[in-house]
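So the chains spell out like this:
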Amino acid sequence: MGKLYVIGIGPGGLDHLTIKAKKAIEESDIIVGYTKYITMVEPLLEGKEIFKTGMKGEEERCRKAIELTKDNKTVSVISTGDAGIYGMAGLILQLENTADVEIIPGVTASSAAASVLGAPLMHDNCNISLSDLMTPYELIKKRVELAAEGDFVISLYNPKSMGRPHYLRECLELVKKHRDGKTPIGVVKNALRDGQEVRIFTLDNFDENVVDMFSIVIIGNSQSYAENNRIITPRGYKVR
Ligand code: SAH
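Here we summarise the structure given alongside this text. (Residues numbered from 1 in each chain as written. Predicted model: local features only at pLDDT ≥ 70, side-chain atom pairs only at ≥ 80, totals over all residues. Heavy atoms only, no water.)

**Some thoughts on the overall build of the chain**
- Helix and strand content of the chain: seven helices and 13 strands.
- Its C-alpha radius of gyration of 19 Å places the chain within 12% of the 18 Å reference for a compact globule of 240 residues.
- Taken along the three principal axes of its C-alpha coordinates, the chain extends 60 × 40 × 30 Å.
- Counting contacts in the chain only where the partners sit at least 6 residues apart, residues at least 24 apart contribute 70% of the total.
- Total accessible area on the chain stands at roughly 12,300 Å², and carbon and sulfur atoms take up 49% of it.
- Across the chain, the 30 positively charged side chains and the 32 negatively charged ones have centroids separated by 3 Å. (Helix = DSSP H or I, 4+ residues; strand = E, 2+ residues; numbered from the N terminus. Rg over C-alpha atoms; globule rule 2.2 N^0.38 Å. Contact = heavy atoms within 4.5 Å. Areas by Shrake-Rupley, 256 points an atom, 1.4 Å probe, with all protein chains shown as cover. Lys, Arg positive; Asp, Glu negative; His and termini not counted. Charge placed at Lys NZ, Arg CZ, Asp CG, Glu CD.)

Here is the structure:
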């Protein structure tokens, strides 16, 4: 078997690709990934063999990548953000857990969006995906409610898709049971890539219509506040 890299390419713009990720892509003979992610790293792909797949071909994509390494080739599977956070790293290791597989981390959407919003994640925080493709909705709601009760800052990945437009609203209702209506919420669409849009709301005046599948929603904890178009979560330093 050749080498198999599983690479997180960051949020999209090449400025936020790590040097290690860039080196691994350059070293690869073959790149495997969802069509849209391939486009994001296009300038680095000259002369390489590309294997593109559609949105739901994850397992096919991973099996293909593993198979392609058999001729002693170096192959990279790419995910946006971090490949270990709702990306391809887990599935690849479930299928092929050998020393020839190397996972290369990337800047995940919550970190990218947090940098744009200010410093919302500063204290204990968690990621929850609202996609029910892999997780039953009942369990998603349970996690949202317990995270709210535990006063975690919550980053909602996959906050909306056509098939489940009401999930976001229902989950925010659960958060409201444990958190003040003035709690700030940031929505960042296309963080750190073309088409970036940033909005700051509160739990009470939240407009779910601005949210789509290219957005991430970050809900502050009980101490978070908004000021000058930024969300800040204090970490306990007494500065004012
Ligand atoms: N592995 C990725 C997450 C994939 S799940 C990571 O670590 O970032 C896909 C979801 O991630 C999207 O629905 C969206 O909620 C979020 N996302 C990914 N990139 C984003 C970006 N640049 N800006 C805002 N949200 C993003």
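**Here we look at the sheet that holds strand E3 (residues 49–53)**
- The strand order across the open sheet built from five strands is E3-E2-E4-E1-E5, with neighbouring strands paired in parallel fashion. Whereas interior strands pair on both sides, the edge strands pair on one side only; in this sheet they are E3 and strand E5 (101–104). Strand-to-strand twist in this sheet, taken as the mean axis angle between neighbours without regard to direction, amounts to 20°.
- The pairing of strand E2 (residues 30–34) with strand E4 (residues 74–79) spans three bridges and is parallel. Considered in E4, the bridge of Ile 31 is made with Ser 76.
- Together, strand E1 (3–8), E2, E3 and E4 form the strand contacts of helix H3 (residues 58–68), whose direction differs from that of E2 by roughly 175°. (Pairing = 2+ DSSP bridges. Axes fitted to C-alpha atoms, helices over the stretch in contact; angles between N-to-C directions.)

**Considerations on the sheet that holds strand E9 (residues 184–189)**
- Within the open sheet, the five strands sit side by side as E7-E8-E11-E9-E10. Their pairing is mixed. Where the open sheet ends on each side, the last strands, each with one partner, are strand E7 (125–129) and strand E10 (197–202). On average, adjacent strands in this sheet sit at an angle of 20° to one another, irrespective of strand direction.
- In the sheet, E9 pairs with E10 via six bridges, with the strands oriented antiparallel. What sits directly across from Val 188, in E10, is Val 198.

**Structural notes on the site of the ligand**
- Taken together, 19 residues form the shell around the ligand, and within it Ile 85, Thr 108, Ala 191, Met 213 and Ser 215 come nearest.
- One of the backbone nitrogen or oxygen atoms of Ala 191 is found 2.8 Å away from a nitrogen atom of the ligand.
- Note that an oxygen atom of the ligand is positioned 2.7 Å from one of the backbone N or O atoms of Met 213.
- Isolated, the ligand exposes 540 Å² of accessible area, and the fraction of that covered by the protein chains is 92%. (Near = heavy atom within 4 Å. Polar contact = N/O pair within 3.5 Å; in protein donor to acceptor, adjacent residues only side chain to side chain.)

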